[in-house]
Amino acid sequence: NAGVTQTPKFRVLKTGQSMTLQCAQDMNHNSMYWYRQDPGMGLRLIYYSASEGTTDKGEVPNGYNVSRLNKREFSLRLESAAPSQTSVYFCASSYPGEAVYEQFFGPGTRLTVL
Amino acid sequence: RKEVEQDPGPFNVPEGATVAFNCTYSNSASQSFFWYRQDCRKEPKLLMSVYSSGNEDGRFTAQLNRASQYISLLIRDSKLSDSATYLCVVNVANAGGTSYGKLTFGQGTILTVHP
């Protein structure tokens, strides 16, 4: 039982490049989330998926897109990276969708955009 | 005003000390409250939920004051292993009454416990 896994762990991009951050969970959770964490800002929600087949914007969605590929996988895409997207990105999951349960986080992806 | 505010610290305390962290939240419709712990360069992990009547888990005690929109965490007999960032976390339901587990995080309070 791996919990929540994320790939890659680290990445350096140039401005304008694109990339997809992958996230998978093996806990049969309905809900999945993408956060970014910046110094002094706490974690901020980018997008979330309450259940398979649905996605919704969070607090800071601009510049990102997501895909809930199936119940296990939720990917985050940066189409044209900007230096302001330099951050640590965390994926999380929880069960079930409409109640508030513990969120389990992946180890994070450290992204630098030059 | 931030939805969830914490004193960022850092708090530097000796082993065995008692330390308290405070947190305020701005949305009176907040439903659920938590403390998460985040070790350096690691992911956040749930430390404990916070209930209206207050709750305790070993050396950790959490309190909630809905009237003042205030949450606290007390750590007694601090250990070196308690050194981490403590995140105050709040959940708010949307207009339809559901929340889909969306959480709002404070910026965190840094604790360092020294020998």
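Scroll up to find the structure.
Criteria and thresholds
- Residues numbered from 1 in each chain as written.
- Chains lettered and ligands numbered in written order.
- Predicted model: local features only at pLDDT ≥ 70, side-chain atom pairs only at ≥ 80, totals over all residues.
- Heavy atoms only, no water.
- Contact = heavy atoms within 4.5 Å.
- Buried area = accessible area lost by both parts, 1.4 Å probe.
- Salt bridge = Lys/Arg side-chain N within 4 Å of Asp/Glu carboxyl O.
- Polar contact = N/O pair within 3.5 Å; in protein donor to acceptor, adjacent residues only side chain to side chain.
- Helix = DSSP H or I, 4+ residues; strand = E, 2+ residues; numbered from the N terminus.
- Disulfide = S-S within 2.5 Å.
- Buried < 20%, exposed > 50% of the residue type's maximum accessible area, 1.4 Å probe, protein only.
- 1 Å grid on protein atoms, 1.4 Å probe; cavity = no way out; pocket = protein on both sides within 12 Å on 5 of 7 lines; lining within 4 Å.
- Points joined across faces, edges and corners; volume = space filled by probe spheres on them.
- Pairing = 2+ DSSP bridges.

A. Fine view of the interface of chain B and chain A. Each partner contributes to the interface: chain B provides 21 residues, whereas chain A provides 23 residues. Both sides together, the interface formed by chain B and chain A hides about 1800 Å², and carbon and sulfur atoms give 58% of it. Inspection of the region where chain B meets chain A yields zero salt bridges. Seen at the junction of chain B and chain A, the total is two residue pairs in polar contact (both at pLDDT 80 or more). Mapped onto the side of chain B that touches chain A, the elements with two or more residues apiece are strand 4 (30-38), strand 5 (44-50), strand 9 (84-92) and strand 10 (103-105) of chain B. Per-element tally for the side of chain B that touches chain A: the top contributor is strand 4 of chain B, with four residues.

B. Here's a closer look at the state of the cysteines. Tallying each qualifying case throughout the model produces two disulfides over all chains. One disulfide in the model links Cys 23 of chain A with Cys 91 of chain A; its S-S distance is 1.9 Å. In this structure the cystine formed by Cys 23 of chain A and Cys 91 of chain A twists about its S-S bond by roughly -70°; its chirality is therefore left-handed. Here Cys 23 of chain A is found in strand 3 (residues 19-25), whereas its partner Cys 91 of chain A is found in strand 9 (residues 87-94), with 68 residues between them in sequence. Grouping residues by exposure puts Cys 23 of chain A and Cys 91 of chain A together as buried. One disulfide in the model links Cys 23 of chain B with Cys 88 of chain B; its S-S distance is 2.0 Å. Its S-S torsion of about -75° marks the bond between Cys 23 of chain B and Cys 88 of chain B as left-handed, since a negative value means left-handed. One end of the pair, Cys 23 of chain B, is in strand 3 (residues 19-25); the other, Cys 88 of chain B, is in strand 9, and 65 residues separate them in sequence. We note that Cys 23 of chain B, like Cys 88 of chain B, is buried.

C. Geometry of unusual backbone geometry. A cis amide bond, omega -5°, links Thr 7 of chain A with the succeeding residue Pro 8 of chain A. You can see Pro 8 of chain A is positioned in the loop between strand 1 (4-7) and strand 2 (10-13). Cis geometry marks the peptide bond from Gly 9 of chain B to Pro 10 of chain B; its omega dihedral reads 5°. For Pro 10 of chain B, the position within the fold is in the loop between strand 1 (4-6) and strand 2 (11-14). At Asn 28 of chain A, a position not held by glycine, the phi torsion is positive, near 60°.

D. Geometry of empty space enclosed by the protein. Residues and elements named next belong to chain B. As enumerated under the stated definition, the model contains one cavity of 30 Å³ or more in all. In this structure, the largest cavity spans a volume of roughly 30 Å³. If you trace the largest cavity, you find it lined by Glu 3, Val 4, Tyr 25, Ser 26, Asn 27, Ser 30, Val 90, Val 92 and Thr 104.

E. Looking closely at the side chain of Ser 31 of chain A. Looking at the secondary structure, you find Ser 31 of chain A in strand 4 (residues 31-38). Separated by 2.9 Å, the side chain of Ser 31 of chain A and the backbone oxygen of Ala 50 of chain A make a polar contact.

F. Quick look at the pairing of strand 8 (residues 74-78) of chain A. Residue and element names in this part refer to chain A. Taking burial as the measure, the five residues of strand 8 include four buried ones, the bulk of the element. As defined by bridge partners, strand 3 adjoins strand 8 across three bridges and the pair is classed as antiparallel. Paired with Thr 20 across the strands is Arg 77, a residue of strand 8.

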